[in-house]
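Structural overview
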Amino acid sequence: MAQKYLGQAIKRTEDPKLVSGLGHFVDDIKLPDLHNVCFVRSIHAHARIRGVDTSLAAALPGVVKVFTGEDCRGIGSIPCASSLQGLKVPHHPVLARNKVRYVGEPIVAVVADSLYRARDAAEAVSVDYEPLPAVVDPEQAAAPNSTFVHEEFSDNVAYVWSLVGGDVDQAFKDADRVIKQRMIHQRLVPAAMEPRGVIARFLPGEKELTLWSSTQIPHLMRTQVAIMLGLFENRVRVIAPEVGGGFGSKLNVYGEEALLGFISMQLQKPVKWIETRRENFTATIQGRGQVGDVEIAVKSDGRVLGIRYTVLADLGAYLQLLTPAIPTLTGLMLTGAYRIPNVRMDVTGVFTNKVATDAYRGAGRPEATYIIERAMDLAALEFDLDPVDVRRVNLVSKREFPYATATGLSYDSGNYEAPLKKALKISQYPRWRRHQVKERKKGRYVGVGVSTYVEICALGPSPAMPAGGWESATVRIEPTGKITILTGVSPHGQGQETSFAQIAADMLGVALEDVLVLHGDTGVVQYGIGTFGSRATAVGGTAVYGAIQKILKKGMLLAAHLLGVSRREVQFRDGKFFLKNDPTKSISLQDLALASYTARKLPPDFEPGLAAIYFYEPTNFTFPFGTHVCVVEVARETGTIKILQYVAVDDCGTIVNPLLVEGQIHGGVVQALGQAFMEEAVYDEIGQLITGEFTDYAIPRAGDVPWMQLDRTETPSPVNPLGIKGVGEAGTIGATPALVNAVVDALRPFGVRHVDMPLRPEKIWKLMQKETS
Amino acid sequence: MEITLTINDRTFKADVEPRLLLVHFIRENACLTGTHIGCETTTCGACTILLDGKAVKSCTLLAVQARGKRLTTVEGLMKNGRLHPIQEAFWEEHGLQCGYCTPGMIMAAYHLLQENPNPSDEQIRRGLEGNLCRCTGYQNIVKAIQSAAAKLA
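Residues numbered from 1 in each chain as written. Chains lettered and ligands numbered in written order. Predicted model: local features only at pLDDT ≥ 70, side-chain atom pairs only at ≥ 80, totals over all residues. Heavy atoms only, no water.

**A few points about the overall build of chain B**
- When its secondary structure is counted, chain B shows five helices and five strands.
- For chain B, the succession of helices and strands along the chain, N to C, is β-β-α-β-β-β-α-α-α-α.
- In summary, chain B has a C-alpha radius of gyration of 15 Å against a globular reference of 15 Å for 153 residues, a match within 12%.
- C-alpha atoms of chain B, sized along the principal axes, occupy 45 × 30 × 25 Å.
- Taking all 153 residues of chain B together, the buried fraction comes to 61%. (Helix = DSSP H or I, 4+ residues; strand = E, 2+ residues; numbered from the N terminus. Rg over C-alpha atoms; globule rule 2.2 N^0.38 Å. Buried < 20%, exposed > 50% of the residue type's maximum accessible area, 1.4 Å probe, protein only.)

If you want it as C-alpha cells, here you go:
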C-alpha cells in the first residue's frame, strides 16, 4: 500500500461546511407542518403524583395534544442492555405515572404548532405532587433504613458485582505496609455543546417512521425504538445528522426518542423536540459517581503486591443503556500499567433519586486510572520515594507482552518506559524537582504530578459487549471510479470522514477527493454499532480495510480476465492492476470498475459490480498508554492553581492522521482538567441539582487551560492489520491523576496526602491554613 | 410588531411577537441555521453574531431589539464562494471537532481581531471567555486565531 495519506496531517473534509454554518444538526432540519414538543418535568426528586391537570394547556391556541403517562402505556420500557447477574431492572417509562424519581423526569409532553406556544402550554400544566423523602447520597441509599427509590424492590441495591484475580488476601499478608484511601469520583455532566434533539416523522402511506436524532448509535437506537413501539425494525429509519458532541451522553436510547415517534404516529404529523440546556443538565445521563475505598499492599521498595477496591456506584433512579456496566470497566483496568498480580473489586450499585449515570468519556476507566495513579503516589509518599521510581518498579516491561493481567485481560502490546522517558525529558522532570525544593523555602508551593496510564480501547470483542462489538463497512467503487464508503460508526467530531478516506485512498491508489464517507443513516448504511469506547478507527477503520481487501481480490480476477492472463500474473498498485512481468500492460481501477458494471466481458460466474461489505470482529481490545506530566503552583493566599507545564506523551498505536489524534488528546485533557479542578454535579439534600446550568456548572473556558506540549511514541497493535489502538478517551483517562497528583504534591508541606476532586480554590485554601511542616 | 433588519446584506421584514428571541428570528424567519443555540442563558456563545459590527449573543436579545440594525452571521463571512481567512484558519489548524460551537467561535474571533489585529495568546483566551467548546481543549482554536491574524495582517 502506498503511504500518501496515511500518517499525514490531512485537513478534515468535514470542515468547510461546518466553518461556514452550512452543516445540518437536528434543529436545522426543516419539514413542512413540523410541530414542537415540550416537556413538563418533575420539580421533585421523589414524589407521588396525585394528579395531572392538562385542561388549561390543551385549550391554549396552537396546542394540538397533550400526552401524559397514561396515554403512553403502550410504549415499552426504556432499555438497559447490561445483563449482570442478579441485576434489578426497574420499569422505566417514557413519561412518569404515579411517581417521579428524579428532578427532570418527564411527566407530560405538550405538542403545539410553535416552540413558544408549546412552552406556554407546558407552563399551563399543573401537577399535584406529594413529595417523598429523597435518597440522594449513595451511602445513605445503601443503608438498611433508607427510603426505597423503587417500592417493588426490598432495598436500593441494584446489583453486587465482584472481580477477583490472584490471591489478594495473601498479598496483604505479605505487604510491608497497607495503604488505604477513600476516593470520590464526583458526578459529572457531559455537556455536549449541542443538546439532544429528536425529530420524528411517520409517513402513514409508506408506514415508515423516520427519526432524526442527535445520537452516537443510530442502528442500536433503531432496534430499540422499534421494540419499544412494537414496529418492524425495517420500517424505522434513524438518521444521525451532524451531531454536536456526545462524550457518551448520546450513546443511549432515551425515552424522548420513542415518545416522539409515538406522537408522530398518533398525530400523523412530524414533531420536533430540542433539549434545553436545563433539561440537558437534569435529564441527560451524567458520568462517574463512585465513592470507593482503595487499599494497596506495598513492599518497602514500592512494589505493589495487591489492590482492593470496594465501591458504591451511584446509578441514579433508573438504568439507562449501560448504567450498571460502567463500574465493571473500572475493575478491569484497576491494575493499570503495572505488574500487580492480586486484585479484588467489589461494587455495589445503588439506586438514588437522581438522573442515571452512564458512559461519559472514559466510562469507568478514568476512575481506574485515577485510583491506581493516586495509589502510586500514596505509596511513594509512604516510603519517601520518587513517584517515578515507584512506577518504574511496577511497570510491565516491554518484554512481557502480550501481558495477562490479574483482572483477566490480555494487554496487546506496549513499551511503557518509552513515553515515560520522553515525557520526563520534555518536562525536564529533575529540574522541576530541584526547583520545587528551592521554591518551598521561599514559601511558594510547586507540585509535580505524573501519570503512567494504560487504557482499554477499540471496544470490543463481541462476547465482552452488550450488543456486539464488531463494526461494518461497505465499500463501493462506483461506475465512474469514485469510491463510496458506508461505515457503521457514527462520528460526531472525531473526523472519520477524513481518516477513513485516507485509508481507502492509499489502499486503492486514488485521490482523497475521490472518496466519500457516509454514516449515521440506517436507511443508507448497513447495520453498525456506532461511535464510543475509542472504537471508530480501530474497529470501524479495520472494517473499511477488510472491505477493500475483498474488492481488490475480486478486482484481481476481473483484471486477469480482461488482460487475458491468470490471476497469479496480476498485481495491484497505485490504482492500477498490471502484469507482474510487463507493467506496461495494465488496467486502471476506474476502467475496471466501469467494466464490472457494464458487464460485457466478465469471467464465468463473476458477479457484476465492484462493491463489498465487511463485518470486522476484533479478537481483543487494544491498550494504548502514555505518560502525562503536570507541574503546578498553588497560591498560598488564594488556593488557586496555576499550571506551569503540561506534557502528554501518548501511544495510541499506528496513527492515521496526527492532526486528529492531537485534537482528541487536547480535548480529553481539558475535560480531565474540568473534572480535576472545576466540575461537579452538586445535588442538595432534597435532590435538587444546584449546578443545573452553565452559569453554575463550570466547564473549562479558554483561559482556564494551559498550553499542552504533546509528543508520542508509536507501538502498533497486533490486534488489527493497521496497528491502530484508538485515542478518543486517552486524555480524560491519563490526565486527571496527573493534575491531581501535581496539586497534592504541592500541598505536601501542609501534611496533605489526598484531596478529593474537584480541587476548587476554597478547598485548597482551607488545607493551606495549617502551619507548614 | 413590525421589524426590518439586515442580515448578511439582505433585508428582512417581518411581523413578530415582542418576545421572539433574535436567535429564533435568525434561524426560523431568516432560515440561517449556522447560528446555533447551546444554552439560552448567554453563557456558551454558540449563538454569537455581529450586531452593527460588535459580537453579541443572539439568544438573549429580542428580535425587536435588532430593529433597523445590520447583522452578520457566520453564513455572511464567505465572499464569492471563498472562505473568510478566519474560517480558513479554523480548518487548517483543526480548530473544530463537532463544529457546534464553531460559528460562535468564529464570530467572536472576528470581533476580537477587529479590536486587536495582533492579539497575544492570553488576549485571545480572554477574548473567548464567553464561548464554550467541549471538544478541542481550545488550543487549536487559539492557534487558528493567531494564524488568521497573520493572514489578515
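**Some points on the packing of aromatic side chains**
Residues and elements named next belong to chain A.
- As enumerated under the stated definition, the model contains 15 aromatic pairs over all chains in all.
- The structure contains a cluster of three or more aromatic residues connected by ring pairs, namely Phe281, Phe694 and Tyr697.
- For Arg196, the ring lying beneath its charged end belongs to Tyr254, and the centroid distance is 3.6 Å.
- One residue, Arg535, lies across the ring of Phe532, its end atom 5.2 Å from the ring centre. (Phe/Tyr/Trp six-rings, centres within 6.5 Å; stacked < 30°, edge-to-face > 60°. Lys NZ or Arg CZ within 6 Å of the ring centre and 35° of its normal.)

**Quick notes on the domain arrangement of chain B**
Residues and elements named next belong to chain B.
- According to the domain assignment, chain B consists of domain 1 (2-73) and domain 2 (85-152).
- Domain 1 and domain 2 are separated by 21 Å when their C-alpha centres are compared.
- Between domain 1 and domain 2, the residue contacts involve 17 residues of the former and twelve residues of the latter.
- Here domain 1 packs against domain 2, burying approximately 1100 Å² in sum over the two surfaces, 61% of which is carbon and sulfur.
- On the domain 1 side of the contact with domain 2, His36, Thr48 and Leu50 bury the most area, a combined 36% of that side's loss.
- Applying the counting rule to domain 1 against domain 2 returns zero salt bridges. (Domains from an automatic or database assignment. Contact = heavy atoms within 4.5 Å. Buried area = accessible area lost by both parts, 1.4 Å probe. Salt bridge = Lys/Arg side-chain N within 4 Å of Asp/Glu carboxyl O.)

**Description of the sheet that holds strand β4 (residues 99-100) of chain A**
Residue and element names in this part refer to chain A.
- If you trace the three strands from one edge of the open sheet to the other, you get β4-β2-β6, paired in antiparallel fashion. Whereas interior strands pair on both sides, the edge strands pair on one side only; in this sheet they are β4 and β6 (126-131).
- Looking at chain direction, strand β2 (residues 47-53) and β4 are connected through two bridges and run antiparallel. Counterpart to Arg48 in the pairing with β4 is Lys99. (Pairing = 2+ DSSP bridges.)

**Here we look at the interface of chain B and chain A**
- Contact with chain B, which involves 52 residues of that partner, is made by 55 residues of chain A.
- Its largest share of buried area at the contact with chain A, chain B owes to Trp91, Arg134 and Gln139 of chain B, together 20% of the area lost on that side.
- Here Asp120 of chain A ties to Arg19 of chain B by a salt bridge, and the two come within 2.7 Å at their closest N and O atoms.
- Joining chain B to chain A, the criterion identifies 24 residue pairs in polar contact (both at pLDDT 80 or more).
- If you list the elements that add at least two residues to the side of chain B that touches chain A, you get α1 (22-29), α2 (85-92), α3 (102-115), α4 (121-127) and α5 (139-152) of chain B.
- Its residues placed into classes, the side of chain B that touches chain A shows 23 nonpolar, 17 polar and twelve charged. (Polar contact = N/O pair within 3.5 Å; in protein donor to acceptor, adjacent residues only side chain to side chain. Nonpolar A, V, L, I, M, F, W, Y, C, P; charged D, E, K, R; others polar.)

**Comments concerning the side chain of Thr522 of chain A**
Residues and elements named next belong to chain A.
- Here Thr522 is to be found in the loop between β21 (515-518) and α15 (536-563).
- Here the side chain of Thr522 touches Val238 through a polar contact of 2.9 Å, landing on its backbone nitrogen.
- Thr522 has contacts with Pro218, His219, Arg222, Val236, Arg237 and Val238, leaving out every residue within four places of it along the chain.

**What to know about a positive patch on the surface**
All names here are of chain A.
- Judged by side-chain charge, Lys553, Arg567, Arg568 and Lys580 come together as a positively charged surface patch.
- Within the secondary structure layout, Arg567 lies in the loop between α15 and β22 (570-573).
- According to the relative accessible area criterion, Arg567 is partly exposed, its value standing at 35%. (Patch = residues over 30% accessible without salt bridge, like charges linked within 9 Å, V, L, I, M, F, W, Y side chains within 5 Å. Areas by Shrake-Rupley, 256 points an atom, 1.4 Å probe, with all protein chains shown as cover. Lys, Arg positive; Asp, Glu negative; His and termini not counted. Charge placed at Lys NZ, Arg CZ, Asp CG, Glu CD.)

**Some details on empty space enclosed by the protein**
Residues and elements named next belong to chain A.
- As enumerated under the stated definition, the model contains seven cavities of 30 Å³ or more in all.
- Taken as a whole, the largest cavity encloses approximately 140 Å³ of empty space.
- Around the largest cavity, the lining comprises 19 residues; the ones closest to its centre are Ile78, His92, Tyr102, Pro106 and Gln320.
- For the lining of the largest cavity, the per-class residue count stands at eleven nonpolar, three polar and five charged.
- Residue assignment places the lining of the largest cavity across two domains, with domain 1 (31-132 + 193-245 + 250-283) and domain 2 (290-460 + 620-767) each supplying three or more.
- In this structure, the second largest cavity occupies an estimated 70 Å³ of space.
- Looking at the second largest cavity, the residues that line it are Arg288, Gly289, Gln290, Ala313, Asp314, Leu315, Thr323, Ile326, Pro327, Thr357, Asp358 and Glu367.
- Within the residue set of the lining of the second largest cavity, elements represented by two or more residues are β14 (304-316) and α9 (326-332).
- In terms of residue class, the lining of the second largest cavity is built from four nonpolar, four polar and four charged. (1 Å grid on protein atoms, 1.4 Å probe; cavity = no way out; pocket = protein on both sides within 12 Å on 5 of 7 lines; lining within 4 Å. Points joined across faces, edges and corners; volume = space filled by probe spheres on them.)

**Focus: the side chain of Glu471 of chain A**
- By secondary structure assignment, the location of Glu471 of chain A is in strand β19 (residues 471-477).
- Non-local contacts of Glu471 of chain A, meaning those with residues more than four positions away in its chain, are made with Gly488, Val489, Gly528, Ile529, Gly530, Arg535, Val539, Gly540, Ala543, Tyr614, Phe615 and Tyr616 of chain A.

**Quick look at the domain arrangement of chain A**
Residue and element names in this part refer to chain A.
- On domain assignment, one finds that chain A holds domain 1 (31-132 + 193-245 + 250-283), domain 2 (290-460 + 620-767) and domain 3 (470-616).
- Computed from C-alpha coordinates alone, the two centres of domain 2 and domain 3 are separated by 40 Å.
- Of the residues lining the interface, 19 residues belong to domain 2; the matching set on domain 3 comes to 18 residues.
- A per-residue breakdown of the area domain 2 buries against domain 3 is headed by Leu459, Val656 and Leu722, which together make up 35% of the total.
- Joining domain 2 to domain 3, the criterion identifies zero salt bridges.
- There are nine residue pairs in polar contact (both at pLDDT 80 or more) connecting domain 2 and domain 3.
- Partitioned by chemical class, the residues of the side of domain 2 that touches domain 3 number ten nonpolar, six polar and three charged.

**Thoughts on the pairing of strand β23 (residues 576-579) of chain A**
All names here are of chain A.
- The pairing of β22 with β23 spans four bridges and is antiparallel. When the sheet's bridge partners are listed, Val570 is paired in β23 with Leu579.
- Counted along the chain from β22 to the antiparallel partner β23, the turn is two residues long, and its residue Asp574 has a positive phi close to 50°.
- Pairing geometry for β23 and strand β24 (residues 586-588), over three bridges, is antiparallel. Bridge pairing in β24 links Phe577 to Ile587.
- The hairpin formed by β23 and β24 contains six residues between the paired strands.

**Side note on the nonpolar core**
- Residues Leu259, Ile263, Tyr646 and Leu739 of chain A together with Phe90 of chain B are the most contacted members of the largest nonpolar core, which totals 217 residues.
- Ignoring sequence-local partners within four residues, the contact set of Leu259 of chain A consists of Phe39, Cys72, Ile75, Val94, Leu95 and Ala109 of chain A.
- Of all hydrophobic cores here, the second largest spans 51 residues; its members include Val539, Ala547, Ile551 and Tyr616 of chain A. (Core = buried A, V, L, I, M, F, W, Y, C linked by side-chain atoms within 4.5 Å.)

**Quick look at the packing of α2 of chain B against α5 of chain B**
All names here are of chain B.
- Their axes nearest at 8 Å, the elements α2 and α5 cross at an angle of 140°. By the angle between their axes, α2 is oblique relative to α5. At the point where α2 passes α5, the crossing takes the right-handed sense. Of the residues in α5, those in contact with Pro85, Ile86, Glu88, Ala89, Phe90 and Glu92 of α2 are Ile141, Ala144, Ile145, Ser147, Ala148, Lys151 and Leu152.
- By residue class, the composition of the contact of α2 with α5 is nine nonpolar, one polar and three charged. (Axes fitted to C-alpha atoms, helices over the stretch in contact; angles between N-to-C directions. Parallel < 35°, antiparallel > 145°, perpendicular 65-115°, else oblique. Left-handed = near helix turned anticlockwise from the far one by under 90°.)

**What to know about α15 of chain A**
All names here are of chain A.
- Taking 1.5 Å per residue, 28 residues should reach 40 Å; α15 reaches 38 Å between its end C-alpha atoms and fits that length.
- α15 sits mainly inside the fold: 21 of its 28 residues count as buried.
- Backbone geometry just after α15 places Gly564 at a positive phi near 70°. (Expected span 1.5 Å × (residues − 1).)

**Observations regarding the pattern of salt bridges**
All names here are of chain A.
- Enumeration over the complete set of coordinates arrives at 64 salt bridges over all chains.
- With a shortest N-O distance of 3.5 Å, Lys269 and Asp33 are connected by a salt bridge. With Lys269 in the loop between α7 (255-267) and β12 (271-274) and Asp33 in the loop between α1 (15-19) and β1 (35-41), the pair connects residues that are 236 residues apart, well separated along the chain.
- With relative accessibility at 21%, the residue Lys269 sits in the partly exposed group.
- Salt bridges here are not isolated pairs; linked through shared partners, they connect Arg48, Arg50, Lys99, Asp128, Glu130 and Glu151.

**What to know about unusual backbone geometry**
- Cis geometry marks the peptide bond from Phe401 of chain A to Pro402 of chain A, where omega comes out at -5°.
- Along the chain, the position of Pro402 of chain A falls in the loop between α11 (387-394) and β16 (403-404).
- A cis geometry characterises the amide bond from Leu459 of chain A onward to Gly460 of chain A, with omega recorded as -20°.
- For Gly460 of chain A, the position within the fold is in the loop between β18 (445-454) and β19.
- Here the phi dihedral of Ala599 of chain A falls at roughly 60°; this positive angle occurs in a residue that is not glycine.
- With respect to the element layout, Ala599 of chain A can be found in the loop between α16 (589-598) and β25 (611-616).
- If you check the backbone angles, Asn8 of chain B has positive phi at about 50° while not being a glycine.
- Checked against the element boundaries, Asn8 of chain B lands in the loop between β1 (2-7) and β2 (10-15).

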